[in-house]
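Working through the structure, step by step
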Amino acid sequence: MYEGHSVVREGAIAGAIGASAVAVWFLVVDIIAGEPLYTPALLGRALFSLFGPVPAGETAALHIVGYTIFHFAAFVAVGMLVVRMVHWAHSEPSVLAGFLMLFVAFQLGFYGFVTLLAQQDVLGALAWWQIGAANLIAALFMGIYIWRTHPALWTELSHTLEGGERRGE
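Residues numbered from 1 in each chain as written. Predicted model: local features only at pLDDT ≥ 70, side-chain atom pairs only at ≥ 80, totals over all residues. Heavy atoms only, no water.

This paragraph deals with the nonpolar core. Residues Ala14, Val22, Phe26, Phe75, Leu96, Ile146 and Leu153 are the most contacted members of the largest nonpolar core, which totals 22 residues. Contributions of two or more residues to this core are made by α1 (7-32), α3 (60-91), α4 (94-119), α5 (128-149) and α6 (153-161). (Core = buried A, V, L, I, M, F, W, Y, C linked by side-chain atoms within 4.5 Å. Buried < 20%, exposed > 50% of the residue type's maximum accessible area, 1.4 Å probe, protein only. Helix = DSSP H or I, 4+ residues; strand = E, 2+ residues; numbered from the N terminus.)

It is worth spelling out the layout of surface pockets at this point. What the second largest pocket holds in volume is close to 150 Å³. As for the second largest pocket, its lining consists of Val22, Ala23, Phe26, Leu27, Leu37, Thr39, Pro40, Leu43, Tyr67, Thr68, His71 and Phe72. Where the lining of the second largest pocket is concerned, the elements lending two or more residues are α1, α2 (38-49) and α3. Tallied by class, the residues present in the lining of the second largest pocket amount to 9 nonpolar, 3 polar and no charged. (1 Å grid on protein atoms, 1.4 Å probe; cavity = no way out; pocket = protein on both sides within 12 Å on 5 of 7 lines; lining within 4 Å. Points joined across faces, edges and corners; volume = space filled by probe spheres on them. Nonpolar A, V, L, I, M, F, W, Y, C, P; charged D, E, K, R; others polar.)

Taking 1.5 Å as the rise per residue, α2 with 12 residues should run 16 Å; its terminal C-alpha atoms sit 16 Å apart, in good agreement. For α2, the set of buried residues is Thr39, Pro40, Ala41, Leu42, Leu43, Gly44 and Leu47. Looking at the buried side of α2, the elements it contacts are α1 and α3. (Expected span 1.5 Å × (residues − 1). Contact = heavy atoms within 4.5 Å.)

Structure follows, in structure tokens:
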């Protein structure tokens, strides 16, 4: 692990940045569509429906708050995983190449899953490109934060992709 770096702190910050970027993106999209908070209400209703039929008395506010808590928690967990991988890559740079491939595979799988949900009308009027754009925006902002807190990351990634050996060997 990097000296003086905390996986939990950095992961929480990276996750909060990604979650906030997605929330702002959907707020802008919803405002342009004339329905502020439509997306978190829709996703919250879908999230609550995973636990059984959604009672008629549940309000949009409950769905929005519930989804927002889930959304931020999920992003913080992903942020911690990414930061842990970055810390691991400091001592084992080849991890970055594997992580890069995993990231690309995850992105492709995510778009496939969103497309499947759109075909089954689970997401209602929410377009797959809106979710895909939100995902890319989150990855961009989280990546910028991680890159700034770990400036040696580019050198390590370049060295790994060129087929270099572990440092110190």
